[in-house]
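Examining the three-dimensional arrangement
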Amino acid sequence: MEQYEPDRPPPAPAAAARRSPATGRASLTRRSLLRAAGGGTLALGALGTLSACGIPPAKNTAGVPSDDHSDEEKRIAFSNWTEYMDVDDGEKRHPTLDAFTRRTGIRVEYTEDINDNVEFFGRIKPQLAAGQDTGRDLIVVTDWLAARLIRFGWVQKLDASNLPHAYANLSAQFRTPDWDPGRAYSYPWTGISTVIAYNKKALDGVEVRSVSDLLDNPKLKGRVGFLSEMRDSIGMTLLDMGKDPADFSDDDFDAAVARLQKAVDTGQIRRFTGNDYTSDLSRGDLAACLAWAGDVVQLKADSPEVDFVVPDSGYMTSTDNLLVPNRARHKTNAERLIDYYYEPGPAAQLAAYINYVCPVDGVRTELAKIDEAAADNPLILPDEAMAARSRAFRSLSTKEETAYEEKFAKLTGA
Amino acid sequence: MTAVAGAPPEAPAPAPRKRPPGRRGRLVPYWLLLPGILWLLVFFVMPMVYQASTSVQTGSLEEGFEVTWHFRTYWDAVADYWPQFLRSVLYAGSATVLCLLLGYPLAYLIAFRAGRWRNVLLVLVIAPFFTSFLIRTLAWKTILADSGPVVGALGALHVLDVTSWLGMTAGDRVLATPLAVVCGLTYNFLPFMILPLYTSLERIDGRLHEAAGDLYATPSETFRKVTFPLSMPGVVSGTLLTFIPASGDYVNADLLGSTDTRMIGNVVQTQFLRILDYPTAAALSFLLMAAILVMVTFYIRRSGTEDLV
């Protein structure tokens, strides 16, 4: 560019410069003044927008009327977690769902689009908060999130007359959670037990029978894993301290956090994990950890070194629950599907495949026909002694939930 | 101002066929820009406004959030989470330096020495992108397993003693330590360093090297005085492309780290999804953005590079 005199550009670039919106030579004119004024107004407007942004209270949408189109539209949109449904050998079809469609004529649009409770909540929150249809008739979420959705009034009350099997066959231990007494809004899809899993080879003779062993045995330093789910890690610690996770105080909670904090500070706990503890455990990087029973059944089948123990102090139980969100178009169809999975046949077929705790009574004979070992596995069908030791985490108010999650987040590093 | 005051010369008399662009003609560039502007408005400006608003709100999800101009959130966020901020800068900075040290020789090799293998090598650099970020990060858990060959070798060479002493590893393991997180960041962002470096190295005229040789420059002098200065645009854009996303990353810290390696991205994620404290999450995001902006501006000023890439 140096060959040109700076204030005498040749015609073509000069014309280009005048035309170009970005580099046009704007001297101070009336127009640019106006433009600046416009910018100022915009900035003021932005401030106004800022204060208008707020998020309305969740409860606004309670009582949103939902039209049920079940009779005209013989279908249902069912969102579930990955690998939470039986598949045939080709891994393409879901035999129990196919049987349901054959029997009722209701087509099931089955989507495995739930990977994580908090992330799924973030996804459906905008629609539910605005009182809109999420496009889903049936969703499956864990206790605490189900409790939150019910508390916010974002899910529909179920019609008991459509649920005769579910009403009759639901296991006693899942009947009256304190967040949904009598199961007015939800039915469990599966139960989830939190137990201690270990890798025999990595333990190398060290005995692990309780959460105290995990937290205190110096031989396990840096090879112990806890779960990043607050209710599981804190609940198991509370049980170990002789407290009841179904009825505890703020002080008890703080004491449990302090106990875990000590183990974090000394480097006893390697990390807080989500589902990814499974690979750490089978590789032996984790010698012992808190684990979900359904995973343990699978891990045991894959690698013989992995085994589990149920602490004498008890273990945490939660459920993944079927819920019908507000504005769902096919509520009756959804209820028929829920009821179908509470018949012993389909329930057994499902339990044999997914290895989680089956919440349905009277499936033992059916399950034994499919898989003898599964029917005798207390992690799938808990016997009375096992069921008696299970404890659920009490439901929390929004305020408690925020405070506890914050304390737990500090414990896990953020 | 003189340049502006010296009014541009009168436009030459228009050629007979060419009429000066009318009103419609003058608007054409704006029309062409419209999709881009709309895109920025919808996906950048609006979220920013929304986020700015969220950061000064108070409330809870159940009772709703209202704008109360609660600027204290910012102060609290810094007071509570400055270690994670510091860590993010430290880890991202280390990863960027490592990427530069690893990436420069590789980019140099591909640009000047690879010959007919050049394209193959370039594809190999990009190939990891064909699999998911998550899977690649998880693979590092197998590579760095406690009883794996890598950790075994590092232990036998007493490298782990040194890194433990520096506080980068814990005992005889690498996983769940700062070192693992930095390794993961380095690996995941290496291609973002190599590609800009390669582009700017490849553009250097080979005859300049010959000329340097003719003037009795040793190879190392040639590199210091010719090659490296000419590759500065690549170095700057490579470091920016590595540092900026790395400092906001949370996957590596989550999967390869432990409680004492959490970065600011993890905090934002936890605040937003788990604790549902949207104001704090928004304030943290703004603080991160501001911090990066300041650092990057300072860096670009210092390195004085005008034409990035």
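Every value quoted in this text rests on a predicted model; they were computed, and no experiment measured them.

Calculation rules
- Residues numbered from 1 in each chain as written.
- Chains lettered and ligands numbered in written order.
- Predicted model: local features only at pLDDT ≥ 70, side-chain atom pairs only at ≥ 80, totals over all residues.
- Helix = DSSP H or I, 4+ residues; strand = E, 2+ residues; numbered from the N terminus.
- Buried ≥ 20, exposed ≤ 12 C-beta atoms within 10 Å, placed from the backbone.
- Rg over C-alpha atoms; globule rule 2.2 N^0.38 Å.
- UniProt positions renumbered as here; feature names shortened; annotations may be inferred.
- Contact = placed C-beta atoms within 7 Å.
- pLDDT = per-residue confidence, 0-100.
- Domains from an automatic or database assignment.
- Pairing = 2+ DSSP bridges.
- Core = buried A, V, L, I, M, F, W, Y, C linked by C-beta atoms within 7 Å.
- Axes fitted to C-alpha atoms, helices over the stretch in contact; angles between N-to-C directions.
- Parallel < 35°, antiparallel > 145°, perpendicular 65-115°, else oblique.
- Left-handed = near helix turned anticlockwise from the far one by under 90°.
- Nonpolar A, V, L, I, M, F, W, Y, C, P; charged D, E, K, R; others polar.

The next point concerns the overall build of chain A. Per the secondary structure count, chain A includes 18 helices and 10 strands. The 414 residues of chain A split such that 41% are buried.

Within chain B one finds 14 helices and two strands. Scaling as 2.2 N^0.38, a compact globule of 309 residues should have a C-alpha radius of gyration of about 19 Å, whereas chain B reaches 25 Å, well beyond that. Reported as C-alpha extents along the three principal axes, the dimensions of chain B are approximately 80 × 70 × 35 Å. Per-residue burial for chain B yields a buried fraction of 33% across its 309 residues.

Here we come to the UniProt feature "domain: ABC transmembrane type-1" (unreviewed entry) in chain B. Under the present numbering, the feature "domain: ABC transmembrane type-1" (unreviewed entry) in UniProt falls on residues 85-299 of chain B. Within residues 85-299 of chain B, the helical portion is 77% and the strand portion 0%, while the C-alpha atoms at the span's ends are 18 Å from each other.

Turning to the environment of A:Phe120, a few remarks are in order. Residues and elements named next belong to chain A. Position of Phe-120 among the secondary structure elements: in helix H4 (residues 117-129). Between the C-alpha atoms of Phe-120 and Pro-378, which are 258 residues apart in sequence, the distance is 30 Å. Residues within four places of Phe-120 in sequence aside, it is in contact with Ile-114 and Val-141.

Attention shifts here to the environment of A:Ala392. Residue and element names in this part refer to chain A. By secondary structure assignment, the location of Ala-392 is in the loop between strand S10 (390-391) and helix H18 (398-411). Along the sequence, Ala-392 and Asp-178 sit 214 residues apart, while their C-alpha atoms lie 9.5 Å from each other. In contact with Ala-392, other than residues within four places in its own chain, are Pro-177, Ala-246, Thr-317 and Ser-318.

Moving on, we come to helix H14 (residues 344-354) of chain A. Residue and element names in this part refer to chain A. With eight of 11 residues buried, H14 is to be regarded as a mostly interior element. Looking at H14, one finds that the buried residues are Pro-346, Ala-347, Ala-348, Gln-349, Leu-350, Ala-351, Ala-352 and Ile-354. Where H14 is buried, its residues meet helix H3 (95-104), strand S4 (187-199), helix H12 (293-302), helix H13 (331-340), helix H15 (364-370) and helix H16 (372-376). Two residues or fewer after H14 comes Asn-355, characterised by a positive phi angle close to 65 degrees.

Residue and element names in this part refer to chain B. With 90% of its residues at a pLDDT of 70 or more, chain B has an overall mean of 89. Confidence scores differ between elements of chain B, with helix H1 (residues 2-5) showing the lowest mean pLDDT of 43 and helix H3 (residues 72-113) the highest of 96. Contacts from residues 1-8, a stretch scored under 50 in pLDDT, to residues over four places away or in other chains number nine contacts. If you check the scores for this complex, the pTM reads 0.84 and the ipTM reads 0.84.

Quick look at the domain arrangement of chain A now. Domain annotation of chain A identifies domain 1 (66-185 + 319-342) and domain 2 (192-311 + 398-411). Its C-alpha centre places domain 1 of chain A at a distance of 30 Å from the equivalent point of domain 2 of chain A.

Our next topic: the pairing of strand S9 (residues 315-323) of chain A. Each regular strand carries side chains that alternate between the two faces of the sheet. All names here are of chain A. For S9, a buried count of nine out of nine residues is recorded, marking the element as mostly surrounded by other parts of the structure. Of the two faces of S9, the one holding Tyr-315, Thr-317, Thr-319, Asn-321 and Leu-323 and the one holding Met-316, Ser-318, Asp-320 and Leu-322 are both buried throughout. In the sheet, S4 pairs with S9 via seven bridges, with the strands oriented antiparallel. Paired with Ile-192 across the strands is Ser-318, a residue of S9.

With that settled, consider the UniProt feature "transmembrane region" (unreviewed entry) in chain B. Residues and elements named next belong to chain B. Within this numbering scheme, the UniProt entry marks residues 27-50, 89-112, 119-139, 175-198 and 281-300 as carrying the feature "transmembrane region" (unreviewed entry). The span residues 89-112 carries 100% helix and 0% strand; its end-to-end C-alpha distance comes to 33 Å. Secondary structure content for residues 175-198 is 88% helix and 0% strand, and the end C-alpha separation is 32 Å.

Counting residues in hydrophobic clusters, the biggest one holds 155 residues, and the most contacted among them are A:Ala288, A:Cys289 and A:Ala351. Looking at this core, the element that brings in the most residues is helix H8 (residues 178-202) of chain B, giving 16 residues. Inspection of this core shows a minimum of three residues originating in each of domain 1 (66-185 + 319-342) and domain 2 (192-311 + 398-411) of chain A. Every residue in contact with A:Cys289, bar those within four places of it in the chain, is listed here: A:Ala197, A:Val224, A:Gly225, A:Phe226, A:Tyr277 and A:Leu281.

What follows covers the confidence of the model for chain A. Low pLDDT means the predicted atomic positions in that stretch should not be read closely. Residues and elements named next belong to chain A. Confidence in the prediction for chain A averages 87 pLDDT; 86% of positions are at 70 or higher. Mean pLDDT values for the elements of chain A range from 49 in helix H1 (residues 11-19) up to 97 in helix H10 (residues 250-265). Scored below 50 in pLDDT, residues 16-28 shows 13 contacts in the model against residues more than four places distant or in partner chains.

Geometrically, a packed helix pair is captured by the angle between its two axes and the distance between the axes. All names here are of chain A. The N-to-C vectors of H10 and H18 enclose an angle of 10 degrees; their axes lie 10 Å apart at closest approach. Relative to H18, the element H10 is oriented roughly parallel. Viewed along their axes, H10 and H18 form a crossing whose handedness is right-handed. Contacts from Phe-253, Val-257, Leu-260, Gln-261 and Val-264 of H10 reach H18 at Tyr-404, Lys-407, Phe-408 and Leu-411. For the contact of H10 with H18, the residue count by class is seven nonpolar, one polar and one charged.

Next up on the list: the pairing of strand S7 (residues 288-292) of chain A. Residue and element names in this part refer to chain A. Of all the five residues making up S7, five are buried; the element is thus mostly covered by neighbouring parts of the structure. Strand direction decides the pairing type here: S4 and S7, joined by five bridges, are antiparallel. Counted as the bridge partner of Ile-196 is Leu-290 from S7.

Moving on: unusual backbone geometry. All names here are of chain B. The phi angle at His-158 is positive, at roughly 60 degrees, despite the residue not being glycine. Inspection of the secondary structure puts His-158 in the loop between helix H6 (149-156) and helix H7 (159-165). The exposure class assigned to His-158 is exposed, which follows from the 9 C-beta atoms found within 10 Å. In this model, Ala-176 sits at a positive phi of 60 degrees, which is unusual for a non-glycine residue.

Tracing the backbone shows A:Lys219 in the loop between helix H8 (211-216) and strand S5 (224-227). A count of 11 C-beta atoms within 10 Å places A:Lys219 in the exposed class.

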